[in-house]
Amino acid sequence: IMRAEDEAKIREVYELLDSTPEQLIEHQPQIKYLLLRSGAYALSRNMTEPQTIHPDSPLGLALLSDALPPAEFESLHTVMIGNNPGDPLQVYARLFRISR
């Protein structure tokens, strides 16, 4: 059973995950850590193929790609996976500390 408050919180989380890093910091200053899984932003959920981050996902593109993250996002840990032995590794998840 879901309450209206639960639905509102879930909607807020999805809106934050669809925002830019700057919007996330601006609208939710109390967030100190952020864990992103690449599967949440992937074009395909097929784990046998290299994952491509959806181009309409600014937070995923900024924080899960090989580019340097914005200065406020300190990368604490990255989990890499390979689908088969010998395959190139790809990002599974990244943990960030957000500083202001």
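It should be emphasised that the depicted structure is a prediction, and the values quoted were computed from it without experimental measurement.

(A) Quick look at the nonpolar core. Ranked by size, the top nonpolar core spans 15 residues in total, and within it Leu 24, Leu 34, Leu 36, Leu 59, Leu 63, Phe 73 and Ile 98 carry the most contacts. Once you skip the residues sitting within four places of it in the chain, Leu 59 turns out to touch Leu 16, Leu 17, Ser 19, Thr 20, Pro 21, Leu 24, Leu 34, Leu 36, Tyr 41 and Leu 64.

(B) Spatial organisation of the packing of aromatic side chains. Scanning the entire structure with this criterion turns up one aromatic pair. Ring centres of Phe 73 and Phe 96 lie 6.1 Å apart, and the angle between their planes is 85°; on these two criteria the pair is classed as edge-to-face. Separated by 23 residues along the polypeptide, Phe 73 in strand β2 (residues 73-81) and Phe 96 in strand β3 (residues 90-98) bring together distant segments of the chain. Like Phe 96, Phe 73 is buried.

(C) Region of the structure containing a nonpolar patch on the surface. Taken together, the side chains of Met 2, Ile 10 and Tyr 14 present a nonpolar region at the surface, about 340 Å² in accessible area. By the element assignment, Ile 10 lies in helix α1 (residues 4-17). Ile 10 gets classed as partly exposed once you look at its relative accessible area, which sits at 40%.

So, how was this worked out
Residues numbered from 1 in each chain as written. Predicted model: local features only at pLDDT ≥ 70, side-chain atom pairs only at ≥ 80, totals over all residues. Heavy atoms only, no water. Core = buried A, V, L, I, M, F, W, Y, C linked by side-chain atoms within 4.5 Å. Buried < 20%, exposed > 50% of the residue type's maximum accessible area, 1.4 Å probe, protein only. Contact = heavy atoms within 4.5 Å. Phe/Tyr/Trp six-rings, centres within 6.5 Å; stacked < 30°, edge-to-face > 60°. Helix = DSSP H or I, 4+ residues; strand = E, 2+ residues; numbered from the N terminus. Patch = residues over 30% accessible without salt bridge, like charges linked within 9 Å, V, L, I, M, F, W, Y side chains within 5 Å. Areas by Shrake-Rupley, 256 points an atom, 1.4 Å probe, with all protein chains shown as cover. Salt bridge = Lys/Arg side-chain N within 4 Å of Asp/Glu carboxyl O.

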